[in-house]
Amino acid sequence: MLAGAYGEGVALAMRVIVGLGRISGAPRLVEITSAHVDSCLYHGRVSLDFADRLVGLGASVRVPTTLNVGSVDLLHPGLVRSETSQQRQTLAGGRRLMSAYLELGCTATWTCAPYQLPGRPALGEHVAWAESNAVVFANSVLGARTDRYGDFVDICAAITGRAPYAGLQTEDARRGTVVFDCRPLGHAFLASELAYPLLGHHVGSLAGAENPVLVGLPGDVGEDSLKALGAAAASSGEVALFHAVGVTPEAPTLERALHGLAPLRAHEVTLPTMRATRAELSTFGSGRLDAVSIGTPHASYAECETLAGLLRDGPPIHDGVAFYLSTGRATRARAERSGVLQVIESAGVTVVVDTCTYVTSILSPAARRVMTNSAKWAHYAPGNIDVAVVLGSTRECVESARLGRVALDDALFAEELG
Amino acid sequence: MRVAARALAGGAGEGVSIRLSAPLSFWGGTDSRGRIVDAHHPQCGAVLAGRVVVMESGRGSSSSSSVLAEQIRTKAAPAAIVLARPDAIVALAAIVARELYGLDVPIVVVATPHHEQIPAGVLVRVDSTAVMW
């Protein structure tokens, strides 16, 4: 491949993969069964130059390849703002970039939650997934093996069908190393939605690049909670794999999660810490609310149903609040078939697909104070789109949106009696 | 002073050093002029363009390779990055910028404890084998 027998496009992709292999000290490459590509989000000319070079050299993907969000909601292109020349440039470049990735043979999934689609990888399968939340979900919840690939590498792995045998592709690197005992949080807290973004942010902050092992999560904790946890931990830290004992496939016991070795560190997580984590993630905590954004990573169908359930009855959303839900186009289509979408939209929620409200200009410039149920959104939006942010559960988001001001329920953090 | 370095991406660069006391995500953490905009980062507001950035590692989103590569293309990138451990996301940006534009920003690893000895605020030169000040 390197020598150009498969074409110059494959040779370029292979130079990148081999370059990465050298950096990571890989003894060899490993064949992958799928790829998830994040390089389709426009970050400037370089994004387009790279994709155009590959297209121009005749490259195409060798394995099934899904695409992460782009810069444009292709189903509702008017949603992305185009007032400034920079916004118009991103819109035009973003659209061209999305086309280039389709020309390379990728599937038009346009979601940061490819694990919500059919055909996801099985336990032990080697894949090359990018996008930090998708990586941590594939490794932790599915037990598939992917290292933490950056942009450019993802598409090069898809084109060559190979990735360096290094990092989390290897057994040893998957050992849990830092233990978080969540039992002091109690059952009621651990049954709440907010527990998982908060835990994820906290665990990521303390674990850094280590593999956290969570002890005491309920055995029936859902994939949406694990999604929120992983996304938050990959934003506040470099977490690309966590184990939850009795929940995730490589952690039937604490000992197995630790590969029979002693942990480097152990922490206990308490309710006051979780309360402080919410405050740390929020840049305001009361008063006027301009917008709500939920669905980062993309809302699952179950999350759309939950939102529809909350919106179905009760007062309307306040006139001064714009309410956004980000999801994948496949989930949107399912919600449309079932009627869930109509409930959400008729309540005044703007449903965004193919992109996300914090990677491109969707929110109105008047939206200064925003509430979200996502620790990842709360972490990045102040820097990305210059808004003040407050973290709340989906229920708190809906209640606050109806009132036009922030309404938080801190009873969640009260110690359980008995 | 001179400490040995291992190049993840080659080249030579020099600039006034800045030490980051926490890992940085270029995506979401820096703007198009190379300024730190991550409100949670201790050095928020610092401009990295043209500096020799000394940090243990990158952090967070895998989009950072593109953001850094674009900063290299527009000359808003650090003059060099000195890591304490290999970080492929940071290094890939430099590898791709070289493929596409022929521009070099050295990304090197200096093992601890030498990494901690590199001072902040002095003129530092980085090449594929060493960091000098």
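K.L.:
I tried to follow empty space enclosed by the protein on my own but got confused; where do I start?
P.N.:
In this approach a probe as big as a water molecule rolls over the atoms, and the regions it shows empty are the leftover space. Scanning the entire structure with this criterion turns up three cavities of 30 Å³ or more. Its volume calculated, the largest cavity comes out at about 120 Å³.

K.L.:
Sorry, what's going on with the nonpolar core here?
P.N.:
Looking at soluble globular proteins, one finds that nonpolar side chains tend to be buried together. Ranked by size, the top nonpolar core spans 136 residues in total, and within it Tyr101, Ile155 and Leu199 of chain A together with Ile107 of chain B carry the most contacts. Sorting elements by how many residues they give to this core places helix α3 (residues 88-101) of chain B first, with nine residues. Those residues in contact with Ile107 of chain B that sit more than four places away from it in its chain are Arg6, Ala7, Leu8, Ala9, Ile81, Leu83, Val90, Ala91 and Ala94 of chain B.

K.L.:
Please clarify how the side chain of Thr357 of chain A should be interpreted in this entry.
P.N.:
Residues and elements named next belong to chain A. Considering the arrangement of structural elements, one finds Thr357 in the loop between β12 (349-353) and β13 (369-372). A distance of 2.6 Å separates the side chain of Thr357 from the side chain of Ser293, its partner in a polar contact. A distance of 2.9 Å separates polar atoms of two side chains, one belonging to Thr357 and the other to Trp377. Contacts of Thr357, omitting those with residues within four sequence positions, involve Ser293, Tyr324, Ser326, Val352, Ile362, Leu363, Trp377 and Ile385.

K.L.:
What exactly am I supposed to notice about the sheet that holds strand β4 (residues 128-129) of chain A here?
P.N.:
Whether parallel or antiparallel, the strands of a sheet pair through hydrogen bonds between backbone atoms. Residues and elements named next belong to chain A. Sheet architecture is open: three strands sit in the order β3-β2-β4, paired in parallel fashion. The sheet is open, and its two borders are formed by β3 (65-67) and β4, each paired with just one other strand. Where strand β2 (residues 35-37) meets β4, two bridges bridge the pair, whose relative direction is parallel. Within β4, the residue paired with His36 across the bridge is Trp129. Each of β2, β3 and β4 touches helix α5 (residues 153-160); the most contacted strand, β2, lies at about 145° to it.

K.L.:
I keep staring at the layout of surface pockets and nothing clicks. Help me out?
P.N.:
By volume, the largest pocket amounts to about 1300 Å³. Among the secondary structure elements, those contributing two or more residues to the lining of the largest pocket are α3 (85-103) and α14 (375-385) of chain A together with α1 (26-29) and α2 (64-73) of chain B. Across the lining of the largest pocket, the residue classes break down as 15 nonpolar, 18 polar and seven charged. Quantified by volume, the second largest pocket comes out at close to 700 Å³. If you go around the second largest pocket, you meet 27 residues; those closest to its centre are Asp147, Arg148, Gly167 and Ala209 of chain A together with Pro86 of chain B.

K.L.:
Would you take a moment to explain helix α11 (residues 301-312) of chain A for this structure?
P.N.:
One turn of the α-helix equals 3.6 residues, which is why residues spaced by three or four share an orientation. Residue and element names in this part refer to chain A. The end-to-end C-alpha separation of α11 is 16 Å, in line with the 16 Å expected for twelve residues at 1.5 Å each. The set of residues buried in α11 consists of Tyr301, Cys304, Leu307, Ala308, Leu310 and Leu311. Considering only its buried residues, α11 is in contact with β10 (291-299), β11 (322-327), α12 (329-338), α13 (340-346), β12 and α15 (394-403). Looking one or two residues beyond α11, the residue adopting positive phi is Gly314, at roughly 110°.

K.L.:
Can you walk me through unusual backbone geometry in this structure?
P.N.:
In terms of backbone geometry, most residues other than glycine have negative phi values and most peptide bonds are trans. Between Thr296 of chain A and the following residue, Pro297 of chain A, the backbone shows a cis peptide bond with an omega angle of -10°. Structurally, the position occupied by Pro297 of chain A is in strand β10. With an omega of 5°, the peptide bond running from Thr112 of chain B to Pro113 of chain B counts as cis. Here Pro113 of chain B lies in the loop between β6 (107-109) and α4 (114-117). For Lys75 of chain B, which is not glycine, the phi torsion reads 65° and is therefore positive. Checked against the element boundaries, Lys75 of chain B lands in the loop between α2 and β5 (80-83).

K.L.:
Mind showing me how you'd approach the environment of Ile385 of chain A here?
P.N.:
Residues and elements named next belong to chain A. Positionally, Ile385 belongs in helix α14. Residue classification places Ile385 among the partly exposed residues on the basis of a relative accessible area of 22%. With residues up to four places along the chain from it excluded, the contact list for Ile385 reads Thr357, Tyr358, Leu363 and Trp377.

K.L.:
Please clarify how the sheet that holds strand β8 (residues 130-132) of chain B should be interpreted in this entry.
P.N.:
All names here are of chain B. Ordered by their spatial adjacency, eight strands build an open sheet running β1-β8-β7-β3-β4-β5-β6-β2, and the pairing between neighbours is mixed. Strand pairing shows two members of the sheet lacking a second neighbour, β1 (2-4) and β2 (6-9), which therefore form its edges. Each strand axis lies, on average, 30° off the axis of its neighbour in the sheet, ignoring direction. Of the pairings in the sheet, the one linking strand β7 (residues 123-126) to β8 comprises two bridges and is antiparallel in character. When the bridges of β8 are listed, Arg125 appears paired with Met132. Against the sheet, α3 touches β2, β5 and β6, its axis set at about 65° to β2.

K.L.:
Before we go on, may I ask you to explain the interface of chain A and chain B in this structure?
P.N.:
Buried accessible area, meaning the area lost when the parts come together, often serves as the stated size of an interface. Taken together, the 40 residues of chain A in the interface contact 33 residues of chain B. For the chain A face of the interface with chain B, the top three residues by lost area are Ile23, His43 and Arg148 of chain A, together amounting to 21%. Here chain A is connected to chain B by two salt bridges. For Arg85 of chain B, the salt bridge is made with Glu238 of chain A, and the minimal N-O distance between the two is 3.2 Å. At the boundary of chain A with chain B, the tally comes to ten residue pairs in polar contact (both at pLDDT 80 or more).

K.L.:
Is there a simple way to think about the pattern of salt bridges in this case?
P.N.:
Pairs can form between side chains of opposite charge whenever their charged atoms are close. In this structure the tally under the stated criterion is 23 salt bridges over all chains. Residue Arg81 of chain A pairs with Glu83 of chain A through a salt bridge whose shortest N-O separation is 3.2 Å. Across the pair Arg120 of chain A and Glu223 of chain A runs a salt bridge whose closest N-O atoms are separated by 2.7 Å. Highlighted residues: Arg120 of chain A in the loop between α3 and β4 and Glu223 of chain A in helix α8 (residues 223-236), separated in sequence by 103 residues. Owing to a relative accessible area of 35%, Glu223 of chain A belongs among the partly exposed residues under this scheme. One network of salt bridges, in which partners are shared, links Glu238 of chain A together with Glu56 and Arg85 of chain B.

K.L.:
Sorry, what's going on with the confidence of the model for chain B here?
P.N.:
Any residue range with low pLDDT should be treated as having predicted coordinates unsuitable for detailed reading. Across chain B, the average pLDDT comes to 94, with 98% of residues at or above 70. Model confidence for the complex is summarised by a pTM of 0.90, with the ipTM given as 0.91.

Criteria and cut-off values
Residues numbered from 1 in each chain as written. Chains lettered and ligands numbered in written order. Predicted model: local features only at pLDDT ≥ 70, side-chain atom pairs only at ≥ 80, totals over all residues. Heavy atoms only, no water. 1 Å grid on protein atoms, 1.4 Å probe; cavity = no way out; pocket = protein on both sides within 12 Å on 5 of 7 lines; lining within 4 Å. Points joined across faces, edges and corners; volume = space filled by probe spheres on them. Core = buried A, V, L, I, M, F, W, Y, C linked by side-chain atoms within 4.5 Å. Buried < 20%, exposed > 50% of the residue type's maximum accessible area, 1.4 Å probe, protein only. Helix = DSSP H or I, 4+ residues; strand = E, 2+ residues; numbered from the N terminus. Contact = heavy atoms within 4.5 Å. Polar contact = N/O pair within 3.5 Å; in protein donor to acceptor, adjacent residues only side chain to side chain. Pairing = 2+ DSSP bridges. Axes fitted to C-alpha atoms, helices over the stretch in contact; angles between N-to-C directions. Nonpolar A, V, L, I, M, F, W, Y, C, P; charged D, E, K, R; others polar. Expected span 1.5 Å × (residues − 1). Buried area = accessible area lost by both parts, 1.4 Å probe. Salt bridge = Lys/Arg side-chain N within 4 Å of Asp/Glu carboxyl O. pLDDT = per-residue confidence, 0-100.

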